[in-house]
Amino acid sequence: AKDPVRVLVTGAAGQIGYALVPMIARGVMLGSDQPVILHMLDIPPAAEALNGVKMELVDAAFPLLKGVVATTDVVEACTGVNIAVMVGGFPRKEGMERKDVMSKNVSIYKSQASALESHAAPNCKVLVVANPANTNALILKEFAPSIPAKNITCLTRLDHNRALGQISERLNVQVSDIKNVIIWGNHSSTQYPDVSHATVKTSSGEKSARELVSDDEWLKGEFITIVQQRGAAIIKARKLSSALSAASSACDHIRDWVLGTPEGTWVSMGVYSDGSYNVPAGLIYSFPVTCKDGEWTIVQGLSIDEFSRKKLDATAEELTEEKALAYSCLS
Ligand code: NAI
């Protein structure tokens, strides 16, 4: 039998946490033959609720779940973890300035970076979900210099999956028959959902999604806006932000990273830019990636037309500004 993998979920008493931990305990993230030990961190005001989640995990009697650590102590939470899913953060409340929210999250991610650096298992893989996800991941990277940059990522897979969902509804095809959409840039409303290279499996072979949709106006307009604004639409409908889809996408992100992407298929991940596609190096930016043997590689050589170029640059610009704002909170 395999040794258990230790998976940290921060903010585990929150909405996404509540949807995510049972998925991990059922093997959705790491496979149905992989035992897990869950480490759950939250802050003292949520300690009782966190303990309630732990009680339910016990009650669910998950065969793969070999242990649960539920704590408000960041060192205990980080000790020995192989995978860290960072969902905890400070939400923007009405009337708060962007800088104030950034400042709270910078200080959270700075201290959690140090705890991970000192106590996580070697080669720990990190996924930041909490917003501003790209910039929180960047701060975590800066303050955990001994964790390789390639091990620190942020979640844009939800946006990627939303794009698949929209194309599936538009073409009335199975979501599993569509592949290679791309989310470029920031997990924010400046992200660029791009179907230029996406394909659809049809009875007469693989076809370009763009040709099948055959409505560039929709693809360059409404489609992009729907995906960019989907989070807001969910909040309007549910009075709460996306949780089950965020949790499921976080599992997709880690599963593909650890177990690999299928041949010929890429996914979107927020990763440390090396300057590919002329995206400034040193930002955490969402790119198309393939994964193999636990490592991601940015897909190279895709053609970028003028329309796309502008969109890639606009979202990079926002991330550059966010980075500057985050740094101004440090001084
Ligand atoms: P929530 O408010 O229900 O849960 C957040 C939890 O984090 C709370 O239990 C809170 O006590 C905890 N927390 C706060 N500070 C903490 C700290 N320093 N250490 C540990 N835990 C801490 O929020 P929800 O709905 O679960 O969302 C979590 C985050 O995920 C938010 O920042 C949200 O904006 C983000 N998000 C990101 C998505 C993405 O695609 N990247 C999609 C959906 C949400």
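Residues numbered from 1 in each chain as written. Predicted model: local features only at pLDDT ≥ 70, side-chain atom pairs only at ≥ 80, totals over all residues.

*Asks:* How should the overall build of the protein be read in this particular structure?
*Replies:* Counting secondary structure elements, the protein contains eleven helices and 14 strands. Against the compact-globule benchmark of 20 Å for 331 residues, the protein has a radius of gyration of 19 Å, which places it among compact chains. Taking the principal axes of the C-alpha coordinates as reference, the protein spans close to 55 × 50 × 40 Å. Within the protein, the proportion of its 331 residues that are buried is 45%. Considering only residue pairs separated by 6 or more positions, the protein has 71% of its internal contacts joining residues 24 or more positions apart. (Helix = DSSP H or I, 4+ residues; strand = E, 2+ residues; numbered from the N terminus. Rg over C-alpha atoms; globule rule 2.2 N^0.38 Å. Buried ≥ 20, exposed ≤ 12 C-beta atoms within 10 Å, placed from the backbone. Contact = placed C-beta atoms within 7 Å.)

*Asks:* What's the story with the site of the ligand in this structure? I'm lost.
*Replies:* Close to the ligand lie 28 residues, the nearest being Gly-11, Gly-14, Ile-16, Gly-88 and Asn-131. With three residues, the top contributor of residues to the shell around the ligand is helix α1 (residues 15–25). (Near = placed C-beta within 6 Å.)

*Asks:* What am I meant to see in the UniProt feature "domain: Lactate/malate dehydrogenase N-terminal" (unreviewed entry) in the protein here?
*Replies:* As recorded in UniProt, the feature "domain: Lactate/malate dehydrogenase N-terminal" (unreviewed entry) lies at residues 5–152. End C-alpha atoms of residues 5–152 are separated by 18 Å, and the span's content is 41% helix alongside 19% strand. (UniProt positions renumbered as here; feature names shortened; annotations may be inferred.)

*Asks:* Any chance you could explain the environment of Ala-49 here in plain terms?
*Replies:* As for its position among the elements, Ala-49 is in helix α2 (residues 47–59). Put simply, Ala-49 and Lys-220 are 171 residues apart on the chain and 44 Å apart in space, counted from C-alpha to C-alpha.

*Asks:* Would you explain the nonpolar core in this entry?
*Replies:* Side chains that are nonpolar tend, in soluble globular proteins, to be buried together. By size, the foremost hydrophobic cluster in this structure holds 96 residues, and its most contacted members are Leu-38, Val-85, Val-128 and Val-129. For this core, the element with the most residues is helix α4 (residues 98–119), which contributes seven residues. Those residues within four positions of Val-85 in sequence are excluded, and the remaining contacts are Val-7, Leu-8, Val-9, Leu-20, Leu-127, Val-129 and Ala-250. (Core = buried A, V, L, I, M, F, W, Y, C linked by C-beta atoms within 7 Å.)

*Asks:* Is there a simple way to think about the UniProt feature "domain: Lactate/malate dehydrogenase C-terminal" (unreviewed entry) in the protein in this case?
*Replies:* With numbering matched to this structure, UniProt assigns "domain: Lactate/malate dehydrogenase C-terminal" (unreviewed entry) to residues 156–324. For residues 156–324, the end-to-end C-alpha separation is 21 Å, with 46% helix and 21% strand making up the annotated structure.

*Asks:* Looking at this structure, I do not really get the sheet that holds strand β7 (residues 178–179). What am I missing?
*Replies:* For sheets, the rule is that strands pair by backbone hydrogen bonds, running either parallel or antiparallel. Spatially, the three strands line up as an open sheet ordered β7-β10-β11, and their pairing is antiparallel. The open sheet has two edge strands with one neighbour each: β7 and β11 (205–208). Here strand β10 (residues 199–202) pairs with β11 via four bridges, running antiparallel. Of the residues in β11, the one forming a bridge with Thr-199 is Ser-208. (Pairing = 2+ DSSP bridges.)

*Asks:* Whenever I open this one, helix α10 (residues 244–259) confuses me. Can you help?
*Replies:* Note on helix geometry: an α-helix contains 3.6 residues per turn, so any two residues three or four positions apart are oriented the same way. Counted at 1.5 Å a residue, the expected span for α10 with its 16 residues is 22 Å, and the 22 Å between its end C-alpha atoms agrees. Within α10 the residues assigned to the buried category are Ala-246, Ala-247, Ser-249, Ala-250, Cys-251, His-253, Ile-254, Asp-256 and Trp-257. Within two residues after α10, Gly-260 carries a phi angle of roughly 100°, on the positive side. (Expected span 1.5 Å × (residues − 1).)

*Asks:* It is not clear to me how the packing of helix α6 (residues 157–171) against α10 should be interpreted in this structure. Could you clarify?
*Replies:* Where α6 contacts α10, the axes come no closer than 8 Å and their chain directions differ by 105°. As the angle between them shows, α6 and α10 are arranged roughly perpendicular. Where α6 abuts α10, its residues Arg-157, Leu-158 and Asn-161 lie against Ser-245, Ala-246, Ser-249, Asp-252 and His-253. The class makeup of the residues in the contact of α6 with α10 is two nonpolar, four polar and two charged. (Axes fitted to C-alpha atoms, helices over the stretch in contact; angles between N-to-C directions. Parallel < 35°, antiparallel > 145°, perpendicular 65-115°, else oblique. Nonpolar A, V, L, I, M, F, W, Y, C, P; charged D, E, K, R; others polar.)

*Asks:* How should I be thinking about the pairing of strand β3 (residues 65–71) in this particular structure?
*Replies:* Successive side chains on a regular strand alternate, one facing one side of the sheet and the next facing the other. Where strand β2 (residues 36–41) meets β3, six bridges bridge the pair, whose relative direction is parallel. Following the sheet pairing, Met-40 is matched in β3 by Ala-70. The β-α-β motif built from β2, the intervening α2 and the parallel element β3 has right-handed crossover chirality. (Right-handed = clockwise from strand over helix to strand, strands pointing away.)

*Asks:* What is the right way to read the packing of α6 against helix α9 (residues 222–238) from this model?
*Replies:* Packed helices, taken two at a time, are described by the angle between their axes plus the distance between the axes. Contact geometry of α6 with α9 gives a least axis separation of 9 Å together with a crossing angle of 135°. Taken as axis vectors, α6 and α9 run oblique relative to one another. For the pair α6 and α9, the sense of crossing is right-handed. Taken together, the residues of α9 that come into contact with α6 (itself represented by Asp-159, Arg-162, Ala-163 and Gln-166) are Phe-223, Ile-226, Val-227 and Arg-230. Among the residues making up the contact of α6 with α9, the classes are represented as four nonpolar, one polar and three charged. (Left-handed = near helix turned anticlockwise from the far one by under 90°.)

*Asks:* Is there a simple way to think about the pairing of β2 in this case?
*Replies:* The buried fraction of β2 is high, at six of six residues. Side chains Val-36, Leu-38 and Met-40 of β2 all project onto a buried face; the interleaved residues Ile-37, His-39 and Leu-41 project onto the opposite face, where all are buried too. Both strand β1 (residues 5–10) and β2 contribute to a ladder of six bridges, which runs parallel. Bridge assignment links Arg-6 to a residue of β2, and that residue is Ile-37. Once the chain exits β1 it traverses α1 before rejoining the sheet at β2, and the crossover so formed is right-handed.

*Asks:* Looking at this model, I keep getting lost on α2. Mind explaining?
*Replies:* If you check α2, its first and last C-alpha atoms are 18 Å apart, about what 13 residues at 1.5 Å a residue would give, namely 18 Å. All of the buried residues in α2 are Leu-50, Val-53 and Leu-57. Buried residues of α2, seen end-on, are gathered within an arc of 55° and therefore sit on one face of the element. In α2, the exposed positions angled more than 90 degrees off the buried face are occupied by Glu-48, Met-55, Glu-56, Val-58 and Asp-59. Taken together, the buried residues of α2 touch α1, β2 and β3. The first or second residue beyond α2 is Ala-61, which carries a positive phi of 50°. (Arc of directions from axis to C-beta.)

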